[in-house]
Amino acid sequence: ALLGEKTRQLVKGEVVTQATGNLFVHYFYIAAPTLNYRFELFNVSHLVNFYPLTLTYLNTVSQIKSEAEFKEKLKEILAAPHTLNVVHSILAQVRS
């Protein structure tokens, strides 16, 4: 919601969840609705019990053991130069 607010809804965050048996996978996308485009930023997978979970970002897989560790990792990802570059690039495409 915050990304949408900061970009006047031109770029938004979206989460898509898929469940197969006991495995849940959540894909986090940066999306541009007006372009019908979305970029997968990271994904998280876990069994019925949420922790431990596996987080994949930039082809790096991390094992996350707690909510506090998960929140810290999310802060790192969302503030990372790569993430900001993706958002700015998508915004430039939307505005062109």
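Everything numeric in this text was worked out from a predicted model, so none of it was measured. (Residues numbered from 1 in each chain as written. Predicted model: local features only at pLDDT ≥ 70, side-chain atom pairs only at ≥ 80, totals over all residues. Heavy atoms only, no water.)

Participant: Can you help me understand the pairing of strand S4 (residues 53-57) in this one?
Facilitator: A regular strand carries its side chains on alternate faces of the sheet. Most of S4 sits out of view: four of its five residues are buried. Bridge count between strand S3 (residues 37-46) and S4: four bridges; the pairing is antiparallel. Looking across to S4, one finds that valine 44 is bridged to leucine 55. Connecting S3 to the antiparallel partner S4 that follows it, the hairpin turn spans six residues. Where S4 lies against strand S5 (residues 60-64), five bridges are found, and the strand directions are antiparallel. If you follow leucine 55 over to S5, its bridge partner there is serine 62. (Buried < 20%, exposed > 50% of the residue type's maximum accessible area, 1.4 Å probe, protein only. Helix = DSSP H or I, 4+ residues; strand = E, 2+ residues; numbered from the N terminus. Pairing = 2+ DSSP bridges.)

Participant: Can you walk me through the nonpolar core in this structure?
Facilitator: Among soluble globular proteins, nonpolar side chains are generally buried collectively. Counting residues in each nonpolar core, the largest one holds 19 residues, and the members touching the most others are Ile30, Leu41, Phe42, Leu55, Tyr57 and Ile90. At the level of secondary structure, the elements contributing two or more residues to this core comprise strand S2 (23-32), S3, S4, helix H2 (67-79) and helix H3 (81-95). When near neighbours in sequence (up to four residues on either side) are disregarded, tyrosine 57 contacts Leu41, Phe42, Ile77, Ala80, His82 and Thr83. (Core = buried A, V, L, I, M, F, W, Y, C linked by side-chain atoms within 4.5 Å. Contact = heavy atoms within 4.5 Å.)

Participant: Can you walk me through the packing of aromatic side chains in this structure?
Facilitator: Two numbers describe a pair of aromatic rings. These are the distance of the centres and the angle of the planes. A full pass over the atoms with the stated rule returns four aromatic pairs. An aromatic cluster is built from Phe50, Tyr51 and Phe70, whose rings are joined through pairwise contacts. (Phe/Tyr/Trp six-rings, centres within 6.5 Å; stacked < 30°, edge-to-face > 60°.)

Participant: Where do I start with the pattern of salt bridges in this structure?
Facilitator: For side chains of opposite charge, pairing can occur when their charged atoms come near one another. This model, assessed by the stated rule, comprises three salt bridges. Here arginine 38 ties to glutamate 14 by a salt bridge, and the two come within 3.6 Å at their closest N and O atoms. Of the two residues, arginine 38 sits in strand S3 while glutamate 14 sits in strand S1 (residues 12-20), which places them 24 residues apart along the sequence. Classification of arginine 38 as partly exposed rests on a relative accessible area of 42%. Here lysine 71 makes a salt bridge to glutamate 67, at a shortest N to O gap of 3.3 Å. Of this pair, lysine 71 and glutamate 67 both sit in helix H2, four residues apart, roughly one helical turn. Taking relative accessible area as the criterion, lysine 71 reaches 47% and is therefore assigned partly exposed. When its relative accessible area of 46% is taken as the criterion, glutamate 67 is described as partly exposed. (Salt bridge = Lys/Arg side-chain N within 4 Å of Asp/Glu carboxyl O.)

Keep in mind that these numbers describe shape and distance, not what the molecule does.
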